[in-house]
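So you can see what is in the structure, the chains are spelled out below.
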Amino acid sequence: MEYRYLGHSGLQVSMVGIGCNNFGGRMDLAATRAVVAEALEVGITLFDEADVYGGRGKSEEFFGEAIKGHRHEVVIATKFGMAMSDRPMTSGGSRRWIMQAAEDSLRRLQTDYIDLYQMHRPDPRVPIDETLRALDDLVSSGKVRYIGSSNFAGWQIAEAELTARQHAYVPFVSSQVEYSLLNRTVEAEVVPAMVRYGQSMLPYYPLASGILTGKYREI
């Protein structure tokens, strides 16, 4: 397995990561443990979680169980921002929700820190300054090591970077976007923004949901 650093940070991750969106949904705890064990065996360290995966929390719970005794071997990248219930104030990028969401993820994952905490999608209702200030405080407290974004447009990546510089906040080190040979739209503006501000890409659906693996055949 080869390893790379995320952006200009000191966070080293495996080039291949495991998306955990099926844990707690299509995969029960036993299957989750089997996947995690096999991944660790071949040197994979990066596991991409989110609080909404597996039915609003179940994926993080299963993963937390699966990595018992192996926390030092894994890089946990989880996300916040999607709706965690039908009630108000349980989604988005507000300081109030970020602080609660982080505590909830830490509890489900059974850990005292998150390696990479990512904003799952932009929140147009909340100033990016408020979001970054809250994330900066989580890093200062030791509950989060690094921060990243997901599904940001190029201009939103630039806005976040410039806001972080202006206020001396911890900046995003990575951006997670959909990218594959069948979907290269991010190459126009998002990738140049990542390059300009020293961020690494974490692609999701890199095999186009399995289409590029050859498992789907014409009838």
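To keep things clear, this report deals only with the structure shown in the data block. (Residues numbered from 1 in each chain as written. Predicted model: local features only at pLDDT ≥ 70, side-chain atom pairs only at ≥ 80, totals over all residues. Heavy atoms only, no water.)

1. Overview of the pattern of salt bridges
Oppositely charged side chains can pair when the atoms bearing their charge come close.
Then, number 1: With the rule as written, the count across this model stands at 15 salt bridges.
Then, number 2: Among the ionic pairs, glutamate 2 bridges to arginine 4, the shortest N-O distance being 3.1 Å.
Then, number 3: With relative accessibility at 46%, the residue glutamate 2 sits in the partly exposed group.
Then, number 4: For arginine 95, the salt bridge goes to aspartate 137, with nearest N and O atoms at 2.7 Å. With arginine 95 in helix α4 (residues 95-109) and aspartate 137 in helix α5 (residues 128-141), this residue pair connects regions lying 42 residues apart in the sequence. (Salt bridge = Lys/Arg side-chain N within 4 Å of Asp/Glu carboxyl O. Buried < 20%, exposed > 50% of the residue type's maximum accessible area, 1.4 Å probe, protein only. Helix = DSSP H or I, 4+ residues; strand = E, 2+ residues; numbered from the N terminus.)

2. A look at the side chain of serine 105
Then, number 1: Tracing the chain through its elements places serine 105 in helix α4.
Then, number 2: The class for serine 105 is buried, based on a relative accessible area of 0%.
Then, number 3: Among residues more than four places away in sequence, those in contact with serine 105 are Asp51, Glu60, Thr78 and Ile114. (Contact = heavy atoms within 4.5 Å.)

3. Concerning the packing of aromatic side chains
Then, number 1: Using the criterion set out here, one finds four aromatic pairs in the structure.
Then, number 2: Ring geometry for phenylalanine 47 versus phenylalanine 63: centroids 5.0 Å apart, planes at 40°, classification tilted. Within this pair, whereas phenylalanine 47 is found in strand β4 (residues 46-48), its partner phenylalanine 63 is found in helix α3 (residues 58-66), the two being separated by 16 residues in sequence. An identical accessibility class is assigned to phenylalanine 47 and phenylalanine 63; each is buried. (Phe/Tyr/Trp six-rings, centres within 6.5 Å; stacked < 30°, edge-to-face > 60°.)

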